[in-house]
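Architecture and fold: a report
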There are 2 protein chains.
Amino acid sequence: MRVITIERKILGKNDEIAEQNRNLFLQHKIFVFNLVSSPGSGKTSILERTLEHLAGTINVAVIEGDVQTDFDAQRVAKYNVPVVQIVTRGGCHLDANLIRDALQKISLDKLQVLIIENVGNLVCPANYDLGEAVKVVIASTTEGDDKPLKYPEMFRNASVLLINKIDLLPYVNCDLAALKRNALQINPKLTVFETSCTTKQGIPDWCEWIAGKVPSR
Amino acid sequence: MRVITIERKILGKNDEIAEQNRNLFLQHKIFVFNLVSSPGSGKTSILERTLEHLAGTINVAVIEGDVQTDFDAQRVAKYNVPVVQIVTRGGCHLDANLIRDALQKISLDKLQVLIIENVGNLVCPANYDLGEAVKVVIASTTEGDDKPLKYPEMFRNASVLLINKIDLLPYVNCDLAALKRNALQINPKLTVFETSCTTKQGIPDWCEWIAGKVPSR
């Protein structure tokens, strides 16, 4: 119980700062999403395909969260968008305060979309509001079809599910219908896209969804 | 700093109980390993192939850790071994106290190997000693080759690395040599096996390694 009490206090403080971040985003008319998944589900690859597809049409910036290394920021920087790397040095999730600090390094004036790539972790980031409009969760076909039931909090708190590595479906033990059914059982409001960063299947639809969320000015 | 201080206290208490668990295992001559990985890397599948291979030769019991559901315990129970399911209800890792409680439900007398399958999480379980002899980390080829560098603590604290889903190598963006090099850069003492639960490649060698760790009586 001691641990839970402390955690509640930390989350309370986090939620306060998240609300301040959210107000800042609203004020600047920026659509912000928080990209979450297991390690290796393809968050950075989805990000790369997304930046490629949106290039020249929408102003995007990226905040990269990693336990260690700035590999992801290096990959993203190739797409000529502003990118800030947060290294948590062992920390298992991003929090609103880290995002507030990172925002000091990004010009918000012409920004339309901010993508936050969280630490690869299907558990802890579920409970930390960063001030984003929505959480987007990736589940890859290679992880099997039972993950929404086994890690329900993340799927419950997300608005969008990307079923990624859809091109690998013939080679893996994953029932696509079951995966969707399990996800929608946890959260019937999920918008679902099937994506592949190799064949680019689903990337245009997913990017169209993002474009539809950009506030008009 | 406040958070770190609290965390240290919790870990201190955890380490005390882990040490008691470890003494209990030594006393009963039981080899215990803690199986850790991202969600969907194949922990339960490796466990199934391992139980299948060791059946009739070594007495094995299993403690299953999951955030939610007892699916894994149900899968493991088919192999006619004692299995205890711990559901953490949102908790991101197992701790020594949960293992101590689970041990009340397992007869240790003729047991030779105890396998603890941790919650799917490549970050938090790295710091929690459960009293095991070694941590065994799984990295699947589908997760790419950079995970040891991005999540170093887990690879640093493990003794064995199973490179799983080796059969999917032709279909995924993973340089096997780079994956090994990255893992050994973080921890040069890692024993590495390449495994596939589909083709059973590497399972005999891995099981031979386990058999070699069973204390003589």
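Read on for an overview of the structure. Since we're looking at a predicted model, the values are computed, not measured.

Reading the values: rules and limits
- Residues numbered from 1 in each chain as written.
- Chains lettered and ligands numbered in written order.
- Predicted model: local features only at pLDDT ≥ 70, side-chain atom pairs only at ≥ 80, totals over all residues.
- Heavy atoms only, no water.
- Buried < 20%, exposed > 50% of the residue type's maximum accessible area, 1.4 Å probe, protein only.
- Helix = DSSP H or I, 4+ residues; strand = E, 2+ residues; numbered from the N terminus.
- Arc of directions from axis to C-beta.
- Contact = heavy atoms within 4.5 Å.
- Buried area = accessible area lost by both parts, 1.4 Å probe.
- Salt bridge = Lys/Arg side-chain N within 4 Å of Asp/Glu carboxyl O.
- Polar contact = N/O pair within 3.5 Å; in protein donor to acceptor, adjacent residues only side chain to side chain.
- Nonpolar A, V, L, I, M, F, W, Y, C, P; charged D, E, K, R; others polar.
- Pairing = 2+ DSSP bridges.
- Axes fitted to C-alpha atoms, helices over the stretch in contact; angles between N-to-C directions.
- Core = buried A, V, L, I, M, F, W, Y, C linked by side-chain atoms within 4.5 Å.
- Least-squares fit on C-alpha atoms with pLDDT ≥ 70 in both.

1. Structural notes on helix α8 (residues 203–213) of chain A
Residues and elements named next belong to chain A. The set of residues buried in α8 consists of I203, W206, C207, W209 and I210. Taken around the axis of α8, the buried residues stretch over an arc of 150°, which confines them to a single face. Across α8 from its buried face, at more than 90 degrees, point the exposed residues E208 and G212. Buried residues along α8 sit against β1 (31–36), α2 (43–54), β4 (113–117), β5 (134–140), β6 (160–164) and β7 (191–194).

2. Things to note about the interface of chain B and chain A
Across the boundary between the two partners, chain B contributes 36 residues, which contact 35 residues of chain A. For the chain B and chain A pair, buried surface summed over both sides reaches about 2700 Å², with 66% attributable to carbon and sulfur atoms. Across the contact surface, chain B and chain A share four salt bridges. The tally of links between chain B and chain A comes to eight residue pairs in polar contact (both at pLDDT 80 or more). Broken down by secondary-structure element, the contributors of at least two residues to the side of chain B that touches chain A are α1 (2–27), α3 (71–77) and α5 (147–150) of chain B. Element by element, the count of residues in the side of chain B that touches chain A is highest for α1(B), at four residues. A breakdown of the residues in the side of chain B that touches chain A according to their chemical character gives 17 nonpolar, 10 polar and nine charged.

3. Thoughts on the sheet that holds strand β2 (residues 60–66) of chain B
All names here are of chain B. With parallel pairing, seven strands are arranged side by side in an open sheet as β3-β2-β4-β1-β5-β6-β7. Looking at strand neighbours, the two that pair on one side only are β3 (83–87) and β7 (191–194), the edges of this open sheet. Averaged over all pairs of adjacent strands, the angle between strand axes in this sheet comes to 20°, irrespective of strand direction. The pairing of strand β1 (residues 31–36) with strand β5 (residues 134–140) spans four bridges and is parallel.

4. Here's the deal with the pattern of salt bridges
Residue and element names in this part refer to chain A. Enumeration according to the criterion identifies 24 salt bridges over all chains in this entry. R22 is the salt-bridge partner of E19, the closest N and O atoms lying 2.9 Å from each other. Highlighted residues: E19 and R22, both in helix α1 (residues 2–27), separated by three residues, approximately one helical turn. Residue E19 is classed as partly exposed on the basis of its relative accessible area, which comes to 38%. The closest approach of N and O atoms between K180 and E194, which form a salt bridge, is 2.5 Å. Here the residue K180 occupies a position in helix α7 (residues 176–186), and E194 occupies one in strand β7, the gap between them amounting to 14 residues. Overall, E194 belongs to the partly exposed group, its relative accessible area being 25%.

5. What about the nonpolar core?
Within the largest apolar cluster, 52 residues are counted, with the highest numbers of intra-cluster contacts made by A:V137, A:F155, A:L161, B:V137, B:F155 and B:L161. Sorting the residues of this core by element identifies β5, α6 (152–157), β6 and α7 of chain A together with β5, α6 (152–157), β6 (160–164) and α7 (176–186) of chain B as the ones contributing at least two each. The contact partners of A:F155, leaving out residues within four places of it in the chain, are A:L122, A:V137, A:A139, A:K147, A:P148, A:L161, A:I186, A:N187 and A:L190.

6. Quick look at the sheet that holds strand β2 (residues 60–66) of chain A
Residue and element names in this part refer to chain A. One open sheet accounts for seven strands, arranged β3-β2-β4-β1-β5-β6-β7; its pairing is parallel. For this open sheet the edge positions go to β3 (83–87) and β7, each flanked by a neighbour on one side alone. Sheet twist, expressed as the average angle between the axes of neighbouring strands with direction ignored, equals 20°. The sheet contacts of α2 involve β1, β2, β4, β5 and β6, and relative to β2 the element is tilted by about 170°.

7. What to know about the relation of the copies chain B and chain A
Expressed as a screw transformation, the operator carrying chain B onto chain A has a rotation angle of 180° and an axial translation of 0.0 Å, and the superposed copies differ by an RMSD of 0.0 Å. One copy is carried onto the other by what is essentially a two-fold rotation axis. Comparing contact sets, 97% of the residues at the interface of chain B also lie at the interface in chain A, consistent with an isologous, same-surface contact.

8. A short note on the pairing of β1(A)
All names here are of chain A. Within β1, six of the six residues are buried, leaving the element largely enclosed by the surrounding structure. Neither face of β1 is open: one carries F31, F33 and L35, the other V32, N34 and V36, and all of them are buried. The pairing of β1 with β4 spans five bridges and is parallel. If you follow F31 over to β4, its bridge partner there is V113.

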